[in-house]
Amino acid sequence: VRAMQAHLDAYAAAAAERALEVTQVVGAALVDDRRRVLVARRGSGPLAGLWEFPGGKVEPGEPDLDALVRECREELGVAITPHAFLGEVPLDGVVAGGAPGASTLRVWWGRVTGGELVAHEHTELRWVVEDELEELDWIPADRPLLPAVRALLTRL
Ligand code: CDP
């Protein structure tokens, strides 16, 4: 019985730790000098075929903006300069392994400052103008950010 109890205690401790885990996701709304923003189409997984702002998971201990720069280099093959924070969306149960409510998607806007765009992980990259944003088939998490992105494009 004692061995069983120790096992259950260990199990409960591991579950509690998982529940506290925060999977932070960062995204980049990259704009050009023609008032367009870069959108990317996911190629694999349950969200395949849907459009998103490029980005991904922040590694443990990694600053958000470092993760943003790293993800853009990995996914798009470019250097970016983040300019300002744009908005945040809760990712309830969306990120596999994360506890409900523990994850958020944080998006900054910025510009490509080096390299040539290559879709290393997406099936398609597209520069779109403000009017084309709403009609794209977005992953659910990114859609709430569209008003902020549209406002940004009009004031550029
Ligand atoms: O590249 P990495 O594996 O770190 O992450 P990802 O697969 O690109 O993104 C991890 C998760 O974050 C995805 O499963 C999406 O649910 C979410 N995500 C999002 O909601 N919006 C984005 N613009 C990018 C990722």
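The preceding data block contains the structure.
Reading the values: the criteria
- All residue numbers here refer to positions counted from 1 along the written sequence of the relevant chain.
- With the structure being a predicted model, the display of local features is reserved for residues of pLDDT at least 70 and the display and counting of side-chain atom pairs for 80 or more, all residues being used for whole-chain, interface and lining totals.
- The basis for every side-chain value is the complete set of heavy atoms in the structure, and neither hydrogens nor water enter the calculation.
- Among buried residues, those of type Ala, Val, Leu, Ile, Met, Phe, Trp, Tyr and Cys that are joined through side-chain atoms within 4.5 Å constitute a nonpolar core.
- Relative accessibility thresholds used throughout: buried, under 20% of the residue-type maximum; exposed, over 50%; partly exposed, between the two (1.4 Å probe, protein chains only).
- Secondary structure elements follow DSSP: runs of H or I no shorter than four residues count as helices, runs of E no shorter than two count as strands, and numbering proceeds from the N terminus.
- Aromatic pairs are defined between Phe, Tyr and Trp rings, using the six-membered ring for Trp, whenever the two ring centres lie within 6.5 Å; interplanar angles under 30 degrees are classed as stacked, those over 60 as edge-to-face, and all others as tilted.
- One less than the residue count of a helix, multiplied by 1.5 Å, gives the span that helix is expected to have.
- Every residue pair with non-hydrogen atoms within 4.5 Å of one another is taken to be in contact.
- Paired strands are those between which DSSP finds at least two bridges.
- The term salt bridge refers to a pairing of a side-chain nitrogen on Lys or Arg with a carboxyl oxygen on Asp or Glu at a separation within 4 Å.
- Axis geometry follows a simple rule: fit a line to the C-alpha atoms, using only the stretch in contact for helices, then measure angles between N-to-C directions, giving values from 0 to 180 degrees.

Draft legend 1. How the structure looks around the nonpolar core. A29, V37, V39, F53, L133, W138 and V149 are the most contacted members of the largest nonpolar core, which totals 23 residues. Those elements giving two or more residues to this core turn out to be β1 (24–30), β2 (36–42), β5 (79–90), β6 (104–114) and α3 (146–155). No other element matches α3, which puts four residues into this core. Residues A28, L30, L68 and V78 belong to the second largest nonpolar core, which totals twelve residues.

Draft legend 2. Fine view of the packing of aromatic side chains. In this structure the tally under the stated criterion is two aromatic pairs. Between F53 and W138, the ring centres sit 4.8 Å apart and the planes meet at 40°, which makes this aromatic pair tilted. Highlighted residues: F53 in the loop between β3 (51–52) and β4 (55–57) and W138 in the loop between β7 (122–129) and α3, separated in sequence by 85 residues. Residue classification places F53 among the buried positions, given a relative accessible area of 3%. W138 sits in the buried class, given a relative accessible area of 5%.

Draft legend 3. View of helix α2 (residues 64–76). With 13 residues, α2 should reach 18 Å at 1.5 Å per residue; the first-to-last C-alpha distance of 18 Å fits that figure. Looking only at α2, the buried set comprises D64, A67, L68, R70, E71, C72, E75 and L76. Where α2 is buried, its residues touch β1, β2, β4, β5, β6 and β7. Of the residues flanking the end of α2, it is G77, one or two places downstream, whose phi is positive at about 70°.

Draft legend 4. How the structure looks around the pairing of β2. Taking burial as the measure, the seven residues of β2 include five buried ones, the bulk of the element. When β2 meets β7, the two strands line up antiparallel, connected through seven bridges. The partner of R41 across the bridge, within β7, is E124.

Draft legend 5. Expanded view of the pattern of salt bridges. All chains considered together, the criterion is met by 14 salt bridges. Note that E124 and R41 form a salt bridge whose closest N and O atoms lie 3.6 Å from each other. Placement of the pair is E124 in strand β7 and R41 in strand β2, with a sequence separation of 83 residues. Judged by its relative accessible area of 27%, E124 falls in the partly exposed class. A salt bridge links E74 to R70; the nearest nitrogen and oxygen atoms lie 3.3 Å apart. Of this pair, E74 and R70 both sit in helix α2, four residues apart, which is roughly one turn of the helix. According to the relative accessible area criterion, E74 is partly exposed, its value standing at 35%. With relative accessibility at 10%, the residue R70 sits in the buried group.

Draft legend 6. Just unusual backbone geometry, in detail. Its identity is not glycine, yet R35 carries a phi of approximately 60°, on the positive side. The class for R35 is partly exposed, based on a relative accessible area of 44%.

Draft legend 7. Seen up close, the sheet that holds β5. On the basis of which strands lie adjacent, the open sheet formed by four strands has the order β4-β1-β6-β5 and mixed pairing. Of all strands in the sheet, those with a lone pairing partner are β4 and β5, marking the two edges. Taken pair by pair, the neighbouring strands of this sheet meet at an average axis angle of 20°, ignoring direction. Summarising the sheet, β5 and β6 pair through ten bridges and their orientation is antiparallel. Following the sheet pairing, F85 is matched in β6 by W108.

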